[in-house]
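# Analysis of the macromolecular model
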Amino acid sequence: MSPLDDNQAAARTASGNGIRHDLKLVAEMVEPGSRVLDVGCGDGALLAYLSRRKGVDGRGIELSMDGVHQCVAQGLSVIQGDAEADLKDYPAGAFDYVILSQTLQAMREPRTVLETMTRIGRRAIVSVPNFGYWRIRLQLLLSGRMPVTETLGYQWWETPNIHFCTIKDFVVLTEDMGIRIERCMIVDRKGRVTGHAHSGLANLLGEQGVFLLRRD
């Protein structure tokens with residue numbers, strides 16, 4: 001399940017569409033009729049949206065049994081599993097898109113997860129909260145405490161997020177791994193696209209980034 005909790009997800013739901021703004025942006029990157037694996041699919045909101053709007057052949061893997069039950073109740077093909085342990089069992093090129101939304105920072109080995117995603121999928125779509133966002137910097141500067149925001153909504157002692165990164169950090173990692181960013185959308189706190197990853201102000205003004213990736 002994504003580290004975005006229920007209250008935060010509700011607050012960021014796109015009006016009338018039943019999914020968060022960032023998930024709508026993810027969905028825009030998926031071609032109709034594609035084979036899709038949603039990693040950490042939660043309650044299945046994105047999978048259901050893609051099946052309904054894009055006619056995808058969707059699969060999901062979710063750690064929480066509650067999330068699996070919600071997905072299955074909607075007729076979605078979702079299994080219970082730990083992505084870090086189970087993704088390696090999929091063959092190369094098994095999917096057109098492998099999606100990981102707002103969860104990379106909660107993985108024990110994010111680099112390994114990215115490597116596996118770009119092996120088993122022709123493309124990967126990853127969204128990450130930006131720890132370099134100006135409101136986070138300001139909170140830390142003025143309060144001297146770990147920031148709490150809508151996208152990072154946990155106190156330090158309870159958070160599942162163990163590898164915070166900035167947009168710039170993520171871009172550098174993809175370059176180091178030989179992964180090409182085919183498309184990127186930098187999103188502000190109202191869900192508006194404000195620029196691209198290589199923009200000078202992206203690391204400051206973007207609350208999160210949504211990336212379409214492909215290994216060179």
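Below or above, wherever it landed, is the structure these notes cover. Since the model is a prediction, treat every value here as computed from it, not as a measurement.

### A short note on the packing of aromatic side chains
- This structure, assessed with the given rule, holds 4 aromatic pairs.
- Summarising the aromatic geometry, the rings of Phe131 and Phe164 are spaced 4.7 Å apart at their centres and angled 25° between planes, so their arrangement reads as stacked. Of this pair, Phe131 sits in the loop between strand E5 (121–129) and helix H7 (134–143) while Phe164 sits in the loop between H7 and helix H8 (167–177); the two residues are 33 residues apart in sequence, bridging distant segments of the chain.
- Under the relative-accessibility criterion, Phe131 is labelled partly exposed at 21%.
- Their ring planes at 40° and their centres at 4.5 Å tell us that Phe170 and Phe211 sit as a pair that is tilted. Linking Phe170 in helix H8 with Phe211 in strand E8 (residues 208–215), this pair joins segments that are 41 residues apart in sequence. We note that Phe170, like Phe211, is buried.

### A short note on the side chain of Glu62
- Relative to the helices and strands, Glu62 is located in strand E2 (residues 57–62).
- The charged side chain of Glu62 is buried without a salt bridge, its nearest counter-charge being Arg20 at 10 Å.
- Engagement of the side chain of Glu62 in a polar contact is seen with the backbone nitrogen of Cys41, the distance being 3.2 Å.
- At 3.1 Å, the side chain of Glu62 forms a polar contact with the backbone nitrogen of Ser64.

### Focus on the side chain of Thr166
- Positionally, Thr166 belongs in the loop between H7 and H8.
- What makes Thr166 buried here is its relative accessible area of 15%.
- Engagement of the side chain of Thr166 in a polar contact is seen with the backbone nitrogen of Asp169, the distance being 3.0 Å.
- The contacts of Thr166, once residues within four sequence positions are left out, are Asn130, Phe131, Gly132 and Asn203.

Cut-offs used in this document
- Residues numbered from 1 in each chain as written.
- Predicted model: local features only at pLDDT ≥ 70, side-chain atom pairs only at ≥ 80, totals over all residues.
- Heavy atoms only, no water.
- Phe/Tyr/Trp six-rings, centres within 6.5 Å; stacked < 30°, edge-to-face > 60°.
- Helix = DSSP H or I, 4+ residues; strand = E, 2+ residues; numbered from the N terminus.
- Buried < 20%, exposed > 50% of the residue type's maximum accessible area, 1.4 Å probe, protein only.
- Lys, Arg positive; Asp, Glu negative; His and termini not counted.
- Salt bridge = Lys/Arg side-chain N within 4 Å of Asp/Glu carboxyl O.
- Polar contact = N/O pair within 3.5 Å; in protein donor to acceptor, adjacent residues only side chain to side chain.
- Contact = heavy atoms within 4.5 Å.

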